[in-house]
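The primary structure of each chain is shown beneath.
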Amino acid sequence: MSAPNEPGEGERRKTEPAAAEPSDGPAEGASRSAATSPKTTQNSTAGVSPFASAAAVAAGFGANWFLGGLSGVALASLFPAEFPIGDPPQPTTVGLVLTTLAMALNATVAGLLVGRIAPIAPVVHASILAGLFGMFALTSMDQARGLPGWFALCFAFVPPAACVLGGWLARVVKRRRARPPAEIRHRGEATSVPPADSMS
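Predicted, not measured: the structure shown is a model, and the values here were computed from it. For every chain, the first residue of the written sequence is number 1, and numbering continues from 1 along that sequence. Residue-level local features of this predicted model are given only where pLDDT is at least 70; pairs of side-chain atoms are given and counted only at 80 or more, and the full residue set underlies all totals for whole chains, interfaces and linings. Values reported for side chains reflect all heavy atoms of the structure, with hydrogen atoms and water molecules removed beforehand.

**Describing the packing of aromatic side chains**
Okay, step 1: In this analysis, rings of Phe, Tyr and Trp, with Trp reduced to its six-membered ring, are considered paired at centre separations within 6.5 Å, and the interplanar angle assigns stacked below 30 degrees, edge-to-face beyond 60, and tilted for intermediate values. By the definition in use, this model includes three aromatic pairs.
Okay, step 2: Measuring from ring centre to ring centre gives 6.1 Å for F61 and F133, while their planes differ by 35 degrees; the resulting arrangement is tilted. In this pair, F61 is assigned in helix α4 (residues 50-78) and F133 in helix α6 (residues 122-139), connecting sequence segments 72 residues apart.
Okay, step 3: Residue F133 is classed as buried on the basis of its relative accessible area, which comes to 6%.
Okay, step 4: Seen from their ring centres, F151 and F155 are 6.4 Å apart, and the 35 degrees between their planes marks the pair as tilted. Of the two residues, F151 and F155 both sit in helix α7 (residues 149-178), four residues apart, roughly one turn of that helix. In this structure, F151 and F155 share a single accessibility class: buried.
Okay, step 5: An aromatic cluster of three or more residues is present, and its members are W150, F151 and F155. Every helix listed is a DSSP run of H or I at least four residues long, and every strand listed is a run of E at least two residues long, numbered separately from the N terminus. Exposed residues in this analysis have more than 50% of their type's maximum accessible area, buried residues have under 20%, and partly exposed residues fall in between, with area computed by a 1.4 Å probe over protein chains only.

Right, dumping it as structure tokens:
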């Protein structure tokens, strides 16, 4: 009797299941993506000129100086009773409150301007300007001599804090404008569509 025909080498290869290729684990995938992904941080800061950053801070400082003089003249003209003429001038409590609000508004606008002009990191540039405001306030503390203590504190801390707030607002505006219009429209539709239970 003849032996049954055994399958050849080629047939055995066809019938044997193919070995599953090992898949990359989460750690290997993350390391591979990190190795192949471009270094966006270095690319974004590579072409940034320090002169652009210095110009942004200088523009904010000049804007605050100009707005400070303009607001001082405007407050003295609109509220002459709160800013009596004297040597030195002694504003009333209402006048000091108005001055503090004007300082906060001017510093916020200056921080917003710095953040908008800065090529990167608007909050960081606004913080640099806020540090300059703090140094200027410490060197000019004699201007608050004879005034209440709370105004001296506001004179030293309100402009820097308001400047950082302006830089944060600039960052929000930049991110809002950099977002694709389709994403903004999609988020708006998602928030405007009422739930299914309310429509039934």
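**Here we look at a nonpolar patch on the surface**
Okay, step 1: A contiguous nonpolar surface patch, about 450 Å² in accessible area, is contributed by F61, V124, I128, L132 and M135.
Okay, step 2: Per-element tally for the nonpolar patch: the top contributor is α6, with four residues.
Okay, step 3: Within the fold, I128 resides in helix α6.
Okay, step 4: Residue class for I128 comes out partly exposed when judged on its relative accessible area of 45%. Surface patches are defined over residues having more than 30% relative accessible area and no salt bridge, joining like charges when they lie within 9 Å and nonpolar side chains (Val, Leu, Ile, Met, Phe, Trp, Tyr) when within 5 Å. What sets the accessible areas is the Shrake-Rupley method with a 1.4 Å probe; for residues, cover comes only from the shown protein chains. By convention in these notes, a salt bridge is any Lys or Arg side-chain nitrogen within 4 Å of a carboxyl oxygen on Asp or Glu.

**Quick word on the packing of α4 against α6**
Okay, step 1: The convention used is that axes are lines fitted to C-alpha atoms, helices contributing only their stretch in contact, and that angles between N-to-C directions extend from 0 to 180 degrees. α6 packs onto α4 with a crossing angle of 50 degrees between their chain directions and a minimal axis gap of 10 Å. In terms of axis orientation, α4 runs oblique to α6. As for the relative orientation of α4 and α6, their crossing is right-handed in sense. Contacts from S53, V57, G60, F61 and N64 in α4 reach H125, I128, L129, L132 and F133 in α6. Oblique is the label for any angle not covered by the other classes, which are roughly parallel (under 35 degrees), roughly antiparallel (over 145) and roughly perpendicular (65 to 115). Note on convention: near helix rotated counterclockwise from far helix by under a right angle means a left-handed crossing. Clockwise means right-handed. In what follows, residue pairs with any heavy atoms lying within 4.5 Å of each other are defined as contacts.

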